[in-house]
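Listed below, chain by chain, are the residues.
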Amino acid sequence: MTENVENLILERLRRIDDRLSNIEGDMHDVKLRMTVVEEHIGNLVLSVSGLNARMDRFDERLTRVERRMELRGGE
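Throughout this description, residue numbers start from 1 for each chain and increase along the sequence as written. Where totals are concerned, whole chains, interfaces and linings use all residues; where local detail is concerned, this predicted model gives features only for residues with pLDDT of at least 70, and gives and counts side-chain atom pairs only at 80 or more. Each side-chain value is worked out from all heavy atoms of the structure, with water and hydrogens disregarded.

> Provide a residue-level description of the overall build of the protein, including the pertinent values.
Counting from the N terminus, the helices are DSSP H or I runs at least four residues long and the strands are E runs at least two residues long. Scanning the protein from N- to C-terminus turns up 1 helix and 0 strands. Its C-alpha atoms give the protein principal-axis dimensions of roughly 100 × 15 × 10 Å. Burial status across the protein gives 1% buried among its 75 residues. All accessible-area figures derive from a Shrake-Rupley calculation using a 1.4 Å probe, and residue coverage is judged against the displayed protein chains alone. Accessible surface, the protein as shown: approximately 7400 Å² in total, 57% of it carbon and sulfur. The cut-offs for exposure are 20% and 50% of the maximum accessible area for each residue type, with area from a 1.4 Å probe on protein chains only; residues under the lower value are buried, those over the upper are exposed, and the others partly exposed.

Structural data, given as structure tokens:
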């Protein structure tokens, strides 16, 4: 009887160990994917920052054109 209980416990522990190994592999994959997502978000932030800088330059140029054409006050 005791031997059966020990075998059942060992069997359960092996199953738990297998499942834990699977979870570890899955977590590794999730971490890799998260790293890629974070890199993409960082690149998007840089792109938006660059676009904002370009829009600021266009605004400055438009303001100069409006002043030269006397379409706008001397703000």
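> Give a description of helix H1 (residues 2-68) that names residues and reports values.
Each helix should span, by expectation, one fewer than its residue count multiplied by 1.5 Å. A rise of 1.5 Å per residue sets the reference length of H1, with its 67 residues, at 99 Å; its end C-alpha atoms lie 98 Å apart and thus fit the reference within 8%. A positive phi of about 55° marks Glu-70, the residue just after H1.

> Go over unusual backbone geometry, please, and point to the residues and values.
For residues that are not glycine, phi is negative in most cases, and the peptide bond is trans in most cases. Within the chain, Glu-70 stands out as a residue other than glycine whose phi angle is a positive 55°. By secondary structure assignment, the location of Glu-70 is in the segment after H1.

> Give me the lowdown on the pattern of salt bridges, citing residues and values where you can.
For this analysis, a salt bridge means a side-chain nitrogen from Lys or Arg found within 4 Å of a carboxyl oxygen belonging to Asp or Glu. The tally for this structure, following the rule as stated, stands at 1 salt bridge. Of the charged contacts in the structure, one is a salt bridge between Arg-15 and Glu-11, with a shortest N-O distance of 2.8 Å. A residue pair is termed a helical-turn pair when its members lie 3 or 4 positions apart in one helix, as Arg-15 and Glu-11 do in helix H1 at 4 residues. Classification of Arg-15 by relative accessible area gives partly exposed; the value is 44%.

> How would you summarise the environment of Arg-64 if you had to cite specific residues and measurements?
For Arg-64, the position within the fold is in helix H1. Once the C-alpha coordinates of Arg-64 and Asn-43 are considered, the two residues, 21 residues apart in sequence, prove to be 32 Å apart.

> Explain a positive patch on the surface to me, and be specific about the residues and the numbers.
Side chains of Arg-61, Arg-64, Arg-67 and Arg-68 sit close together on the surface and give a patch of like positive charge. Among the residues examined, Arg-64 registers a relative accessible area of 42% and is labelled partly exposed. For patch detection, residues must exceed 30% relative accessible area and be free of salt bridges, and they are connected within 9 Å for like charges or within 5 Å for nonpolar side chains (Val, Leu, Ile, Met, Phe, Trp, Tyr). Positive residues here are Lys and Arg, negative ones are Asp and Glu, while His and the chain termini are left out of the count. For this purpose, a charge sits on NZ of Lys, CZ of Arg, CG of Asp or CD of Glu.

> An account of a nonpolar patch on the surface is requested, with residue identities and associated values reported.
On the surface, a cluster of nonpolar side chains totalling about 700 Å² of accessible area is made up of Met-1, Val-5, Ile-9, Leu-10, Leu-13, Ile-16 and Leu-20. On the secondary structure map, Leu-13 appears in helix H1. Leu-13 gets classed as partly exposed once you look at its relative accessible area, which sits at 47%.

> Tell me about the environment of Met-55, residues and numbers included.
Tracing the sequence through the fold places Met-55 in helix H1. The exposure class of Met-55 is exposed, given its relative accessible area of 55%. Taking C-alpha positions, Met-55 is 20 Å from Arg-68, a pair spaced 13 residues apart along the chain.

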